[in-house]
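A structural walkthrough
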Amino acid sequence: MTAAIAVRQLHKHFGQLHALRGVDLDIRPGEFFGLLGPNGAGKSTLINILAGLVRPDAGSAAVMGHDVQRDAVAARRAIGVVPQELVFDPFFGVRDFLMIQAGYYGVARKHRAWIDELLRALGLADKADANMRSLSGGMKQRVAFARALAPDPRVLLMDEPLSALDALTREQLYGDIQRIWQARRKTILLVTHNVREAVCLGDRVVLLSPHPGRIREEFPIPLPRPRDINSMELAGYASRITAALKSHIQSEVAE
């Protein structure tokens, strides 16, 4: 089976900073994959390389079999990105905003029903005609998810999209994200520094250590879904991963 995301010996420098060193990843089609690491581990750099925004110094990255450098247009069409902060035109209504985003990929007229489905799935149905600037922070982040999904991409890249939200809003979105993923089986790469969040959402969680960013350890998460971030079973996995993360950070300091 061809990997949905395939990364081979990826290296990236920013001046003297070695952001990524020899990163290898294979993410299966339909998998929810968590990439976990502290600040400086190169998590966002990897997302930006996959999205075609940053060019690697060495190695390769492919999305749905399309090299993100040599076949950038095809790779980009397969990807939706959920950023940390949503940039939008404040004068659009929510549905119109999403239809425009989908229209960039030529699907707006054909997929009005899909846009309405997204609005319902993300708790935005009653905000469909609301002005974007009137939304709360949590609602704007829901729009960010809907925007990424509007063109119906096969792969979703999520770059710490919930980090600025309050705990209650995050918990609500954990449930929404799991429901949408189970219904549509998109391949999702979640980048986060929140251990419980990675365990709550991921089928697998991989630890990325900093300076330079490199893969240290992998943890399968066989918990049934939907998952409750406050459950004891989830806390057990999170505790083990946190201990491993601390150990790797300490070993990096010792080196």
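Relevant structure appears above.
Described in the following lines is the structure provided in the data block. It should be emphasised that the depicted structure is a prediction, and the values quoted were computed from it without experimental measurement. (Residues numbered from 1 in each chain as written. Predicted model: local features only at pLDDT ≥ 70, side-chain atom pairs only at ≥ 80, totals over all residues. Heavy atoms only, no water.)

Looking now at helix 6 (residues 167-184). In an α-helix there are 3.6 residues to a turn, and that puts residues three or four apart on one side. Counted at 1.5 Å a residue, the expected span for helix 6 with its 18 residues is 26 Å, and the 26 Å between its end C-alpha atoms agrees. Burial in helix 6 covers these residues: Thr 169, Arg 170, Leu 173, Tyr 174, Asp 176, Ile 177, Gln 178, Ile 180 and Trp 181. Summarising the contacts, the buried residues of helix 6 are in contact with strand 3 (32-36), helix 4 (112-121), helix 5 (137-149), strand 7 (155-159), strand 8 (187-192) and helix 7 (195-201). The distance from a side-chain oxygen at the start of helix 6 to the backbone nitrogen of Leu 168 is 3.1 Å, and the residue carrying that oxygen is Asp 166. After helix 6 finishes, the residue Arg 185 shows a positive phi value of roughly 55 degrees. (Helix = DSSP H or I, 4+ residues; strand = E, 2+ residues; numbered from the N terminus. Expected span 1.5 Å × (residues − 1). Buried < 20%, exposed > 50% of the residue type's maximum accessible area, 1.4 Å probe, protein only. Contact = heavy atoms within 4.5 Å. Polar contact = N/O pair within 3.5 Å; in protein donor to acceptor, adjacent residues only side chain to side chain.)

Time to look at the sheet that holds strand 7. Taken in spatial order, the six strands of this open sheet run 6-7-8-3-9-10, and their pairing is mixed. On the outer flanks of this sheet lie strand 6 (79-82) and strand 10 (214-220), each paired with one strand and no other. On average, each strand axis in the sheet is inclined to that of its neighbour by 20 degrees, with strand direction left out of account. The pairing of strand 9 (residues 204-209) with strand 10 spans six bridges and is antiparallel. Bridge pairing links Arg 204 to Pro 220 in strand 10. Contacts from helix 5 reach strand 6 and strand 7, with the element oriented near 170 degrees to strand 6. (Pairing = 2+ DSSP bridges. Axes fitted to C-alpha atoms, helices over the stretch in contact; angles between N-to-C directions.)

The next subject is the environment of Val 54. Structurally, Val 54 can be placed in the loop between helix 1 (43-50) and strand 4 (58-63). The exposure class of Val 54 is buried, given its relative accessible area of 17%. Residues Val 54 and Val 87 lie 33 residues apart in sequence; the distance between their C-alpha atoms is 19 Å. What Val 54 contacts, discounting residues up to four positions off in sequence, is Lys 12, Phe 14, Asn 48, Ile 49 and Gln 69.

Here we take up the pairing of strand 4. Pairing of strand 1 (residues 5-14) with strand 4, which is carried by five bridges, proceeds in the antiparallel orientation. For Val 7, the partnering residue across the bridge sits in strand 4 and is Ala 61. Bridge analysis of strand 4 against strand 5 (residues 66-67) gives two bridges, and the strand direction is antiparallel. Paired with Val 63 across the strands is His 66, a residue of strand 5. Where strand 4 folds back onto strand 5 in an antiparallel hairpin, the turn is made up of two residues, including Met 64, whose phi is positive at roughly 50 degrees.

What follows is about the environment of Arg 154. Looking at the element boundaries, Arg 154 is found in the loop between helix 5 and strand 7. Taking the C-alpha atoms as reference points, Arg 154 and Gly 213, separated by 59 residues in sequence, lie 26 Å from one another. Those residues within four positions of Arg 154 in sequence are excluded, and the remaining contacts are Met 64, Ala 78, Lys 186 and Thr 187.

Let's shift gears to the sheet that holds strand 2 (residues 17-27). A sheet is described by the order of its strands in space; here four strands give the open sequence 2-1-4-5, paired in antiparallel fashion. This sheet does not close on itself; its edge strands, each paired only once, are strand 2 and strand 5. The sheet strands contacting helix 1 are strand 1, strand 2 and strand 4, and the helix crosses strand 1 at an angle near 120 degrees.

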